[in-house]
Amino acid sequence: MTHVNLALLRRLRYAKRLSRKAVGEALGKDPITIWRYEKGRTPIKADVLFQLAELYEAPLADLYTREEM
């Protein structure tokens with residue numbers, strides 16, 4: 001099973017020196033929504049994940065973590 005690597009999302013945002021507000025503006029989302037994504041409180045839809053990968057200049061595959069069963 002795969003899940004979004006939430007810790008990596010935060011680290012990538014920090015590495016780009018972007019605030020949640022700046023990411024929200026780039027995605028057309030509220031900064032609170034970005035916080036919810038990073039905390040795992042709101043599922044991230046595929047189209048948003050693609051936008052985040054592009055914004056953070058990261059391969060989409062890197063945004064996932066694989067859990068062993």
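In this text, all values refer to a predicted model and were calculated from it rather than measured experimentally. (Residues numbered from 1 in each chain as written. Predicted model: local features only at pLDDT ≥ 70, side-chain atom pairs only at ≥ 80, totals over all residues. Heavy atoms only, no water.)

> Outline the nonpolar core, supporting the account with residue identities and numerical values.
Membership of the largest hydrophobic core comes to 15 residues, with the highest contact counts inside it found for Ile44, Leu52, Tyr56 and Leu63. Elements represented by at least two residues in this core include exactly helix 1 (6-15), helix 2 (20-27), helix 3 (31-39) and helix 4 (46-55). With 4 residues, the top contributor of residues to this core is helix 4. Leucine 52 has contacts with Leu9, Val23, Leu27 and Ile44, leaving out every residue within four places of it along the chain. (Core = buried A, V, L, I, M, F, W, Y, C linked by side-chain atoms within 4.5 Å. Buried < 20%, exposed > 50% of the residue type's maximum accessible area, 1.4 Å probe, protein only. Helix = DSSP H or I, 4+ residues; strand = E, 2+ residues; numbered from the N terminus. Contact = heavy atoms within 4.5 Å.)

> Describe helix 4, naming the residues involved and giving the relevant values.
Those residues of helix 4 not exposed but buried are Val48, Leu49, Leu52 and Ala53. Buried residues of helix 4, seen end-on, are gathered within an arc of 140° and therefore sit on one face of the element. Seen from the open side of helix 4, the exposed residues pointing more than 90 degrees away from its buried face are Phe50 and Glu54. Trailing helix 4 by a residue or two, glutamate 57 shows a phi angle of about 55°, which is positive. (Arc of directions from axis to C-beta.)

> So what about helix 1? Which residues, and what values?
Every buried residue of helix 1 is accounted for by Leu8, Leu9, Leu12 and Arg13. The buried residues of helix 1 occupy an angular sector of 140° when the element is viewed end-on, so they sit on one face. Seen from the open side of helix 1, the exposed residues pointing more than 90 degrees away from its buried face are Tyr14 and Ala15. The N-capping residue of helix 1, defined by a side-chain oxygen 3.4 Å from the backbone nitrogen of alanine 7, is asparagine 5. A positive backbone phi angle near 55° is found at arginine 17, which sits one or two residues after helix 1. (Polar contact = N/O pair within 3.5 Å; in protein donor to acceptor, adjacent residues only side chain to side chain.)

> Residues and numbers for the packing of helix 2 against helix 4, please.
Taken N-terminus to C-terminus, the directions of helix 2 and helix 4 make an angle of 120°; their axes are 11 Å apart at the nearest point. In this view, helix 2 runs oblique relative to helix 4, as classed from their interaxial angle. By crossing handedness, the relation of helix 2 to helix 4 is classed as right-handed. Listed contacts from helix 4 to Val23, Ala26 and Leu27 of helix 2 are Val48, Gln51, Leu52 and Leu55. (Axes fitted to C-alpha atoms, helices over the stretch in contact; angles between N-to-C directions. Parallel < 35°, antiparallel > 145°, perpendicular 65-115°, else oblique. Left-handed = near helix turned anticlockwise from the far one by under 90°.)

> Let's hear about unusual backbone geometry: which residues, and what values?
You will see that arginine 17, though not glycine, has its phi angle at about 55°, which is positive. Residue position: arginine 17 is located in the loop between helix 1 and helix 2. Here glutamate 57, not a glycine, exhibits a phi torsion of approximately 55°, which is positive. Checked against the element boundaries, glutamate 57 lands in the loop between helix 4 and strand 2 (64-66). Judged by relative accessible area, which is 64%, glutamate 57 ranks as exposed.

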